[in-house]
Every structure is written in structure tokens, then in C-alpha cells.
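Report on the structure
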Amino acid sequence: MNYYVSIIFNLFIIIPAIIGLVRFKKINTAYYPFVLLIVVGSLTEIISIILAFTIRNNMYSYNIYVLVEILLIIWQLKNWHAFRLKATPFILGGFMILLWMIEIFFISHIATKAPYFRLTAAFAVVLISVNMLNTLIVRERKNILTNSQFLICLGFTIYFTLKILVQSFSFYGLLSNIVFARKVDVIHTIFNAFTNIIYGFAILWMPTKQRFSMPSS
């Protein structure tokens, strides 16, 4: 895939970001972490493109983003009561911060990829999202394809499962094959754009804030 075409596909995240900003005041506050995640993701993508063309290294922005990403996802899943124990999201978030710091400052570097952190975070998101999907499928009585929680968890499952596969390919040296690596990159780019379209519909169908009126006398 042409590099500039890849950039356009990656910028699909701007679509749900715009929808989120337009609807922000109307959206139920329980969904704010996800909207913030999409907006931060859009800004990160733009900054990463600038860094790629200037200093030829966009790992700085991506490495900061992956930490913010997992923390916002944990916050969002907490709002949806995805954790049985109240302490679980705080423990998981603390663990992710600790793992990120260890890998960035002692094992790797902020200018290079943090594979162990990314793989661990992806596994955590997929496991929790799949569990949420199972719960929603059993519980939901309306059209589940218009359920924002279902669409977001579906997007998480698709995107982070693909990240696990790509990272696994990297560990086993399969991406050293240029032809194979390019095919994987094309698939990753297309699915990334697809999940962002799903997120756009999810934000479009997010429930609005509850309106309360004073009881009449």
C-alpha cells in the first residue's frame, strides 16, 4: 500500500472524533472516556505524521499514546461495570503504568517500540471486551448493532486481536520478510480504518444525558 494512502486510512479516526466533538454535550457522561480516547488518538495520529516527516521517528508520540490509550479504556470499561471488583481497574491501571515505565526506561526506549507493554495491554483489552460482548449478547433485547457498548467492544476485540497477531509475528521474526511485512501492514491499516468506522457509528448512537424535570405541584 502506498505510504500516503496508508496515512489517509489512518486518519479515518478523525471521523469518529468529529462526531464525538459535535455530540459531546449531548452524550451520556459515562461514555466520555471513549470520546476522549478517540480525540487523543486523532491528535496523536496527526502529531505522528508530522514527526515522521520531520525527525523520521514517530515512536515518541505513539509510546505516550499507548499508555494513555489503555488507561482511558480501563476507565471506560469501569464506567460500564466490566469489573466485578471495584479495586480491579485501579490495580490493572497501576500495573500498566508500572510495566510501561519499566519497559520504556529500563528495557527499551521511548524512541523505540515497547512490545511487551503493547502485547500485555492488547491481551487485557481483548479478554475484557470479549467478556463484555458475551454479556451484552445475552442481556440485550433490542437491536444489538445499534448498541454503542457492543460496537465499541467489538472494535476493541478486532483491533487489539490484530495487534496481538502483528506483535507475535514480530517476536518470531516473520516481519523480517519484506513482502510478508507489507501484506500485514496493509491488513492492519484496512482493519484499523474499519474499526474507526465502527467507532463512528458507536458515538452516533451513544445514549444522551438523562434530563430531569422538577415534579409538578
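To be clear, the structure that these remarks concern was listed above.
The rules behind each value
Residues numbered from 1 in each chain as written. Predicted model: local features only at pLDDT ≥ 70, side-chain atom pairs only at ≥ 80, totals over all residues. Heavy atoms only, no water. Helix = DSSP H or I, 4+ residues; strand = E, 2+ residues; numbered from the N terminus. Expected span 1.5 Å × (residues − 1). Polar contact = N/O pair within 3.5 Å; in protein donor to acceptor, adjacent residues only side chain to side chain. Buried < 20%, exposed > 50% of the residue type's maximum accessible area, 1.4 Å probe, protein only. Axes fitted to C-alpha atoms, helices over the stretch in contact; angles between N-to-C directions. Parallel < 35°, antiparallel > 145°, perpendicular 65-115°, else oblique. Contact = heavy atoms within 4.5 Å. Nonpolar A, V, L, I, M, F, W, Y, C, P; charged D, E, K, R; others polar. Core = buried A, V, L, I, M, F, W, Y, C linked by side-chain atoms within 4.5 Å. Phe/Tyr/Trp six-rings, centres within 6.5 Å; stacked < 30°, edge-to-face > 60°.

Moving on, we come to helix α7 (residues 148-171). Because the α-helix completes a turn every 3.6 residues, residues three or four places apart line up on one side. The end-to-end C-alpha distance of α7, which contains 24 residues, comes to 34 Å, matching closely the 34 Å that a straight helix rising 1.5 Å per residue would cover. Two or three places before Gln149, at the start of α7, stands the capping residue Asn147, its side-chain oxygen 2.9 Å from that residue's backbone nitrogen. Directly beyond the C-terminal end of α7, a positive phi value near 75° is found at Gly173.

Another point: unusual backbone geometry. The phi dihedral of Arg56 falls on the positive side, at around 60°, and the residue is not glycine. With respect to the secondary-structure elements, Arg56 resides in the loop between α3 (32-54) and α4 (59-79). Take Arg56: its relative accessible area is 67%, and that puts it in the exposed class. Positive phi is not limited to glycine here, since His81 has a value of about 60°. Along the chain, His81 turns up in the loop between α4 and α5 (88-107).

Attention shifts here to the packing of α3 against α4. Two elements in contact, α3 and α4, have axes separated by 9 Å at closest approach and are oriented at 170°. Classified by the angle their axes make, α3 and α4 are roughly antiparallel. Facing Tyr32, Pro33, Phe34, Leu36, Leu37, Val40, Gly41, Thr44, Glu45, Ile47, Ser48 and Leu51 of α3, the residues of α4 in contact are Ser61, Tyr62, Tyr65, Val68, Glu69, Leu72, Ile73, Trp75, Gln76 and Asn79. Within the contact of α3 with α4, the residues separate by chemical class into 14 nonpolar, six polar and two charged.

We now examine the environment of Ala82. For Ala82, the location among the structural elements is in the loop between α4 and α5. Taking relative accessible area as the criterion, Ala82 reaches 14% and is therefore assigned buried. Taking the C-alpha atoms as reference points, Ala82 and Ile158, 76 residues apart in sequence, are found 18 Å from one another.

Position of Ser42 among the secondary structure elements: in helix α3. Once residues lying within four places of it in the same chain are set aside, the contact partners of Ser42 are Ile13, Ile14 and Ala17.

Below, the discussion takes up the side chain of Asn147. Looking at the secondary structure, you find Asn147 in the loop between α6 (115-139) and α7. Accessibility expressed as a relative area gives 14% for Asn147, which makes it buried. At a separation of 2.9 Å, a polar atom in the side chain of Asn147 contacts the main-chain amide nitrogen of Gln149. When sequence neighbours within four positions are dropped, the list of residues in contact with Asn147 reads Leu136 and Glu140.

Within the largest apolar cluster, 52 residues are counted, with the highest numbers of intra-cluster contacts made by Phe34, Phe117 and Phe156. Elements supplying a minimum of two residues to this core: α3, α4, α5, α6, α7 and α8 (178-204). Among the elements that line this core, the one with the most residues is α6, at eleven residues. Each residue touching Phe34, except ones within four places of it in the same chain, is listed here: Gln76, Ile152, Phe156, Tyr199, Ile203 and Met206.

By secondary structure assignment, the location of Gly155 is in helix α7. Gly155 sits 39 residues away from Phe194 along the chain, and the two C-alpha atoms are 8.5 Å apart. Contact partners of Gly155, with chain neighbours within four places excluded, come to Thr195 and Tyr199.

A few words on the packing of aromatic side chains. Summed over the entire model, instances satisfying the criterion amount to 13 aromatic pairs. Between Phe156 and Tyr199, the ring centres sit 6.0 Å apart and the planes meet at 65°, which makes this aromatic pair edge-to-face. Of this pair, Phe156 sits in helix α7 while Tyr199 is found in helix α8, placing the two residues 43 residues apart along the sequence. On the basis of relative accessibility, which here comes to 1%, the residue Phe156 falls in the buried class. With relative accessibility at 6%, the residue Tyr199 sits in the buried group.

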